[in-house]
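Examining the three-dimensional arrangement
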Amino acid sequence: MATDLHELLRSLRVWAPEVTELPPFDPASAPGDPLTLFTQWFAQAVAAGQTEPHTMTLATSDADGLPDARIVMLHGADAAGWSFATHTTSRKGRQLAARPYAALTFYWPVQGRQIRVRGPVTVAPAEEAQRDLRVRSTGALAAALTGRQSEVLGSVEELASASEEAWDRASREPQTEAASWTLYRLRPDTVEFFQGDARRRHLRLNYRRRETDGWSTELLWP
């Protein structure tokens, strides 16, 4: 007999102490800009053994305003914004062309932390996208060369054939370019840092970009 979903859900715990350590967080001592705090928290997540801390949820919306979300990889974060990549012809690529605004969410349960980033998205120069692709693995290049992301697939065999051809080309020509592969940058309007608390007194520090220059901060109720 299949396990009842509700029973299974009730058996689970959030931030079980044997696998999670909730670190202290003093918002009053936070740096003046979110990128500095993000870099600190990211390094701490890596040190704490968080699995794949560089993966994040990317939320977009289509031309009708309908939302969509998926997991992607962070390619970098600097003064220009948080970077990720995809094909312009993919579903998210088309959505970003129609509505160039998105949100990112990082979740690091090993420390009970999440970070939410929201703002307009721009396209990086094509040479930057190809340079970014070249420093990644052969598999990443093969996947980019396979292309046709989000299109209807006729069969598993069709995918296997196209992937095999792309892997062969990526191995023989590691400098080849994937024309539709694009690097995007999200320049945040807001960045929220959430620190979980065992007694549910979660701390939420929100950075908001000023219209002139710099950032203002505010605490949010959990």
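So, here is what we can say about the structure in this document. The structure presented is a predicted model; accordingly, all values stated were derived computationally and were not measured.

**Looking at the side chain of Arg204**
Examined against the element boundaries, Arg204 turns out to sit in strand S9 (residues 203-209). A distance of 2.7 Å separates the side chain of Arg204 from the side chain of Glu192, its partner in a polar contact. Leaving out residues up to four positions away in the same chain, Arg204 has contacts with Arg116, Glu192, Phe193, Phe194, Glu218, Leu219, Leu220, Trp221 and Pro222.

**Let's talk about the packing of helix H5 (residues 138-146) against helix H6 (residues 156-172)**
It is the contact of H5 with H6, at a shortest axis distance of 8 Å, that shows an interaxial angle of 125°. Considered as vectors, H5 and H6 are oriented oblique to each other. Considering only the axes of H5 and H6, their crossing is right-handed. Along its contact with H5, which presents Thr138, Gly139, Leu141, Ala142, Leu145 and Thr146, the element H6 presents Ala162, Ser163, Ala166, Trp167, Arg169, Ala170 and Ser171. Looking at the contact of H5 with H6, its residues break down into seven nonpolar, five polar and one charged.

**Structural notes on the pattern of salt bridges**
In this structure the tally under the stated criterion is 12 salt bridges. Here Glu192 makes a salt bridge to Arg116, at a shortest N to O gap of 3.1 Å. Of this pair, Glu192 sits in strand S8 (residues 190-195) while Arg116 sits in strand S6 (residues 113-123), and the two are 76 residues apart along the sequence. Taking the relative accessible area as the measure of exposure, Arg116 reaches 40% and is therefore partly exposed. Residue Arg185 pairs with Glu128 through a salt bridge whose shortest N-O separation is 2.4 Å. Taken together, the residues span a long stretch of sequence, with Arg185 in strand S7 (residues 181-186) and Glu128 in helix H4 (residues 126-134) at a distance of 57 residues.

Calculation notes
Residues numbered from 1 in each chain as written. Predicted model: local features only at pLDDT ≥ 70, side-chain atom pairs only at ≥ 80, totals over all residues. Heavy atoms only, no water. Helix = DSSP H or I, 4+ residues; strand = E, 2+ residues; numbered from the N terminus. Polar contact = N/O pair within 3.5 Å; in protein donor to acceptor, adjacent residues only side chain to side chain. Contact = heavy atoms within 4.5 Å. Axes fitted to C-alpha atoms, helices over the stretch in contact; angles between N-to-C directions. Parallel < 35°, antiparallel > 145°, perpendicular 65-115°, else oblique. Left-handed = near helix turned anticlockwise from the far one by under 90°. Nonpolar A, V, L, I, M, F, W, Y, C, P; charged D, E, K, R; others polar. Salt bridge = Lys/Arg side-chain N within 4 Å of Asp/Glu carboxyl O. Buried < 20%, exposed > 50% of the residue type's maximum accessible area, 1.4 Å probe, protein only.

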